[in-house]
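Residue-level structure breakdown
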Amino acid sequence: MRDGKVRFTVCAGLLAAVTGFTGIATPAHAQPSYAQPSYAQSAVAHASSAAQTLTVANDPPDVYGRAAYLLDATTGEALLTGNAGRRMPVASLTKVMTAYVVLREADPADKVKIIREDVEYAENNDGSAADLRPGDRITVGDLLYALMLPSGADAAHALARTYGPGIAGFTAKMNAAARELGLRDTKYLNADGLPTPKGQGGVSTARDQAKLAEVALRDPRLEEVTSTRRHHVGRTEDHRAYTWTNTNSLLGSRGVIGLKTGFTRAAGYCLTFAADRDGHRLIGVILGERQSGRRFQTARALLNWAEDGMTADNMTEGHMTEGEAAA
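Since this is a predicted model, take the numbers as computed values, not measurements.

Here the focus is helix H5 (residues 153-163). Buried residues dominate H5, accounting for nine of its eleven residues. Buried within H5 we find Ala153, Asp154, Ala155, Ala156, His157, Ala158, Leu159, Ala160 and Tyr163.

Moving on: the packing of helix H4 (residues 140-148) against H5. The geometry of H4 relative to H5 is characterised by a closest axis approach of 8 Å and an angle of 135 degrees between their N-to-C directions. Relative to H5, H4 is oriented oblique. Across from Val140, Leu143, Leu144, Ala146 and Leu147 in H4, the residues of H5 making contact are Ala155, Ala156, Leu159 and Tyr163. Residue composition of the contact of H4 with H5, by class: nine nonpolar, no polar and no charged.

Together, Glu117, Glu120, Glu123 and Asp131 line one region of the surface with negative charge. Tracing the sequence through the fold places Glu123 in helix H3 (residues 116-124).

Turning our attention to the nonpolar core. With 65 residues, the main nonpolar core has Met97, Leu132, Leu143, Leu144, Trp244 and Leu287 as its most contacted residues. Among residues more than four places away in sequence, those in contact with Met97 are Met174, Ala177, Ala178, Leu181, Leu183, Tyr188 and Leu212.

Before going further, it helps to examine the packing of aromatic side chains. Two numbers describe a pair of aromatic rings. These are the distance of the centres and the angle of the planes. Here the structure, examined in full by the defined rule, presents two aromatic pairs. Aromatic side chains Tyr242 and Trp244 sit 5.3 Å apart centroid to centroid with 20 degrees between the ring planes, which places their arrangement in the stacked category. Here Tyr242 and Trp244 have matching classes, each one buried. Ring geometry for Phe263 versus Tyr269: centroids 4.3 Å apart, planes at 25 degrees, classification stacked. A relative accessible area of 43% places Phe263 in the partly exposed class. Its relative accessible area of 23% is what places Tyr269 among the partly exposed residues. Geometry around Tyr242 places Arg133 over its ring, the cationic atom sitting 4.8 Å from the centre.

Thresholds applied
Residues numbered from 1 in each chain as written. Predicted model: local features only at pLDDT ≥ 70, side-chain atom pairs only at ≥ 80, totals over all residues. Heavy atoms only, no water. Buried < 20%, exposed > 50% of the residue type's maximum accessible area, 1.4 Å probe, protein only. Helix = DSSP H or I, 4+ residues; strand = E, 2+ residues; numbered from the N terminus. Axes fitted to C-alpha atoms, helices over the stretch in contact; angles between N-to-C directions. Parallel < 35°, antiparallel > 145°, perpendicular 65-115°, else oblique. Contact = heavy atoms within 4.5 Å. Nonpolar A, V, L, I, M, F, W, Y, C, P; charged D, E, K, R; others polar. Patch = residues over 30% accessible without salt bridge, like charges linked within 9 Å, V, L, I, M, F, W, Y side chains within 5 Å. Areas by Shrake-Rupley, 256 points an atom, 1.4 Å probe, with all protein chains shown as cover. Salt bridge = Lys/Arg side-chain N within 4 Å of Asp/Glu carboxyl O. Lys, Arg positive; Asp, Glu negative; His and termini not counted. Charge placed at Lys NZ, Arg CZ, Asp CG, Glu CD. Core = buried A, V, L, I, M, F, W, Y, C linked by side-chain atoms within 4.5 Å. Phe/Tyr/Trp six-rings, centres within 6.5 Å; stacked < 30°, edge-to-face > 60°. Lys NZ or Arg CZ within 6 Å of the ring centre and 35° of its normal.

Structure representation (structure tokens):
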């Protein structure tokens, strides 16, 4: 029913397949070929049995990339999914887990001394940097801004080195946290997502990254960081002055609270995004885009599309979709 309104129960979600780089979303009523329950479907089984409905006035917008996923974290339901279970590199989306692990162990007031190895790691691996300076002692709270806004590989290295202790130890903690969270298709090789000498810098899926984002954003300290467009650190006796600007150009759109951009040649342009709209927290992931700016346009369109479909004030029972789109 491409010309009319279609109602779906949220306990199955509105599902659409996304084809790689074509910009064409398959209608939700298309016959699925991948029936394994998603994280969102599993989560909702333990939630209230009262069905909410989503009215879809229009087809989903064009979605480009190798994988995409849109989750209503408030209800636990997938709204759009395509290749959501496909394992692939996720570049700097890795740093969401880095921040999550750090905040489980460190006090934001703790101070980390930057060493030359941290700076050289970013330089030698062609990574984005927060331009940290050896010898500076910077609080963990400020280093999280250095990690998440300019996507500093130097900040990731400093934090992992300190709280592993050591890179290998910290990476092991990241993978342990992934197992605890049920991210079965995620494996980290470092704290930043840069390619390793042996290949890509770890793998994950759009679905796993959305689940991670939902959990990570429960911490208001991280939400404050990821929703900040620019952060300035004044000069002190411990460090020089820094100003970091967020690479996420989606910020400034209504309700957007983050979350993280990423890019490597292997991963393409990636984005995890989140917004609070009409009492719902929407979380989306786009992996493997070919154009940097288009991922933000797509994310904005998906948020508006999902919001347009919300009928929280006047819910009626709908029909259940058959399962998840092809992965």
